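# Structure assessment
Here is how the chains run, residue by residue.
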Amino acid sequence: MAKLIVKFRDATLQEIPITRPTVTIGRVDNNDIKIENLAVSRQHAKIVRDGERYIIEDLNSLNGTFVNEKKVMKGILRNNDEILVGKHTLIFVDEEEKPIEMRKDIDISLAEKTVILDTKKQRELLSQRMEERPTIAEKPLQLEGGISIVSGGVEQKDVKLTKRLTVGGKGESADIKLRGFFVGKIAFIISKRPNGFFITHSGGRSMTKVNGVAVEGQRELKDGDIIDVGSTRMQFYAKKQVNGVS
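## Quick look at the sheet that holds strand S2 (residues 11-17)
Read across the open sheet, the six strands follow the order S2-S1-S11-S10-S7-S8; overall the sheet is antiparallel. Whereas interior strands pair on both sides, the edge strands pair on one side only; in this sheet they are S2 and strand S8 (70-72). The average angle at which neighbouring strand axes cross in this sheet is 30 degrees, direction not considered. Sheet topology note: the strand S10 (residues 81-85)/strand S11 (residues 88-93) ladder contains five bridges and is antiparallel. Note on S11: the bridge partner recorded for glutamate 82 is isoleucine 91.

Listed below in structure tokens is the structure:
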């Protein structure tokens, strides 16, 4: 039986067997796979079983559906294909997949007609993903920052923002542990970049707020900003370094 492994970064969030002829993916409750992320459309994509093959189809989503880093509208899935939906990766696993030469139902025309779009959004997304990968020649970031827990935290007082991506939420993989009934497993993500720190709301009904304003898209954090999620209040602090000296 085929399945989907839902991941965020290196953390596995769910393993979902594909037991229905059609599996829908999106941000709202009526989807078979719900991904609480503003980068995901309400009805984002679907996977359809057709004989012995599985076909993925984008449902005119805003940010697109990517398979192995290529934007597709419709295409055949292969074992271990990586599907990018918003900021989450879904790994398609079909250990019973037959070799192509043994499959009688392969529609070569569908594979040839798979629409691969080289759009501006695709290039921007791939560029962003490449920026987050360290390279040998890359210089250390000349920034220091952290999060101080003001109230409502879970056994944490201060979290240094040393990673390129720092996750806040209720999940086991979260770097900053939060409290609150409606707080998501991954509530927000703080990105460390050469020009500063940026926060993005990722999931959960309890919105991430900075200085009392809900975060929409990405927001740059400034020294002293107050971050509220659920019952947890935090304060961001940062300082720049010049030639390695703060």
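## Some remarks on the layout of surface pockets
Roughly 280 Å³ of volume is contained in the second largest pocket. Together, 13 residues line the second largest pocket, and Leu13, Lys34, Glu36, His88 and Lys185 are the ones closest to its centre.

## Observations regarding the sheet that holds strand S16 (residues 188-193)
One open sheet accounts for five strands, arranged S15-S14-S16-S17-S20; its pairing is mixed. In the strand order of this sheet, the two ends are held by strand S15 (176-177) and strand S20 (218-220), each with one partner. The sheet contact formed by strand S17 (residues 196-201) and S20 spans three bridges and is antiparallel. Each bridged residue has a counterpart across the sheet, and for phenylalanine 198 the counterpart in S20 is glutamate 220.

## Brief notes about the packing of aromatic side chains
The tally for this structure, following the rule as stated, stands at three aromatic pairs. Its guanidinium or amino end placed over the ring of phenylalanine 198, arginine 193 lies 4.8 Å from that ring's centre, counting from NZ or CZ.

## Details of the side chain of threonine 24
Within the fold, threonine 24 resides in strand S3 (residues 22-26). A polar contact is formed between the side chain of threonine 24 and the side chain of asparagine 31, at a distance of 3.4 Å. Ignoring sequence-local partners within four residues, the contact set of threonine 24 consists of Asn30, Asn31, Asp32, Ile33, Ala45 and Lys46.

## Some details on the side chain of threonine 232
Relative to the helices and strands, threonine 232 is located in strand S22 (residues 232-240). A polar atom in the side chain of threonine 232 sits 3.0 Å from the backbone oxygen of glycine 152. Excluding residues that lie within four positions of it along the chain, threonine 232 makes contacts with Ile149, Ser151, Gly152, Gly153, Leu178, Arg179 and Ile227.

About the cut-offs
Residues numbered from 1 in each chain as written. Predicted model: local features only at pLDDT ≥ 70, side-chain atom pairs only at ≥ 80, totals over all residues. Heavy atoms only, no water. Pairing = 2+ DSSP bridges. Helix = DSSP H or I, 4+ residues; strand = E, 2+ residues; numbered from the N terminus. Axes fitted to C-alpha atoms, helices over the stretch in contact; angles between N-to-C directions. 1 Å grid on protein atoms, 1.4 Å probe; cavity = no way out; pocket = protein on both sides within 12 Å on 5 of 7 lines; lining within 4 Å. Points joined across faces, edges and corners; volume = space filled by probe spheres on them. Phe/Tyr/Trp six-rings, centres within 6.5 Å; stacked < 30°, edge-to-face > 60°. Lys NZ or Arg CZ within 6 Å of the ring centre and 35° of its normal. Polar contact = N/O pair within 3.5 Å; in protein donor to acceptor, adjacent residues only side chain to side chain. Contact = heavy atoms within 4.5 Å.

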